[in-house]
Amino acid sequence: MAESSASPRFGYGEDAHRLGDGLELWLGGVRIPSERGAVAHSDGDVVLHALSDALLSAFALGDIGAYFPDHDPRWKGLESGVILDLVLQKVHEKGYRPAQISAVVVLDKPRLGPYRESIQKNLARLLGLPEERVGLTFKTSEGLAPDHVQCRAMVYLEPLP
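Given the structure is predicted, the values throughout are model-derived calculations rather than measurements. (Residues numbered from 1 in each chain as written. Predicted model: local features only at pLDDT ≥ 70, side-chain atom pairs only at ≥ 80, totals over all residues. Heavy atoms only, no water.)

Draft legend 1. The packing of helix α1 (residues 46-57) against helix α4 (residues 116-127), seen in detail. Contact geometry of α1 with α4 gives a least axis separation of 12 Å together with a crossing angle of 35°. Crossing hand, α1 versus α4: right-handed. Mapping the contact onto sequence places V47, L48 and L51 in α1 and L123, L126 and L127 in α4. In terms of residue class, the contact of α1 with α4 is built from six nonpolar, no polar and no charged. (Axes fitted to C-alpha atoms, helices over the stretch in contact; angles between N-to-C directions. Helix = DSSP H or I, 4+ residues; strand = E, 2+ residues; numbered from the N terminus. Left-handed = near helix turned anticlockwise from the far one by under 90°. Contact = heavy atoms within 4.5 Å. Nonpolar A, V, L, I, M, F, W, Y, C, P; charged D, E, K, R; others polar.)

See below:
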């Protein structure tokens, strides 16, 4: 049921995974060429996981672990776009839609700058947003955590028209 108040909502989420040799690296629904990828129960896409948690947090709906527990074999290897789709459905049921996102990805290698446009375009498509409303920042850990990938995400949501 839609909320009676037309006030905007904000949400915050983050996700992190260890990196392992010979695994695929997915960020924002885009496969990034890399010798190492996320060690995870699903595909380990920290961007989609952080965004999904941010969307859920805007409505106090818990986190993706409550909906897709990592101990449940049904979700082994799950594509994170499925997670985001379910979460967006819940947001729409509340009478809202994403209006803008900002995400910070921390990864030492590979450098992500060459993939910014493809990740931004895919996130815009998945969220139904113009590309200029999808902010992406890429950082390294400065050598502090070379064996992990992390994402922090903020979302701004507006009532559906």
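There's plenty left to go through after this.
Draft legend 2. How the structure looks around α4. Its 12 residues give α4 an end-to-end C-alpha distance of 16 Å, which sits within 8% of 16 Å, the value for a rise of 1.5 Å per residue. Burial in α4 covers these residues: I119, Q120, N122, L123, A124 and L127. Buried-residue contacts for α4 involve β2 (25-27), β3 (30-32), α1, α3 (80-93), β5 (96-106) and β6 (134-139). Backbone geometry just downstream of α4 places G128 in the positive-phi region, at approximately 70°. (Expected span 1.5 Å × (residues − 1). Buried < 20%, exposed > 50% of the residue type's maximum accessible area, 1.4 Å probe, protein only.)

Draft legend 3. Focus on the nonpolar core. Judged by nonpolar contacts, the single largest core of 43 residues is most densely connected at L27 and L123. Elements supplying a minimum of two residues to this core: β2, β3, α1, α3, β5, α4, β6 and β7 (148-159). When residues in this core are grouped by element, the largest group, eight residues, is from α1. Not counting chain neighbours up to four residues away, the residues in contact with L123 comprise G28, V47, L48, L51, I101, V134 and L136. (Core = buried A, V, L, I, M, F, W, Y, C linked by side-chain atoms within 4.5 Å.)

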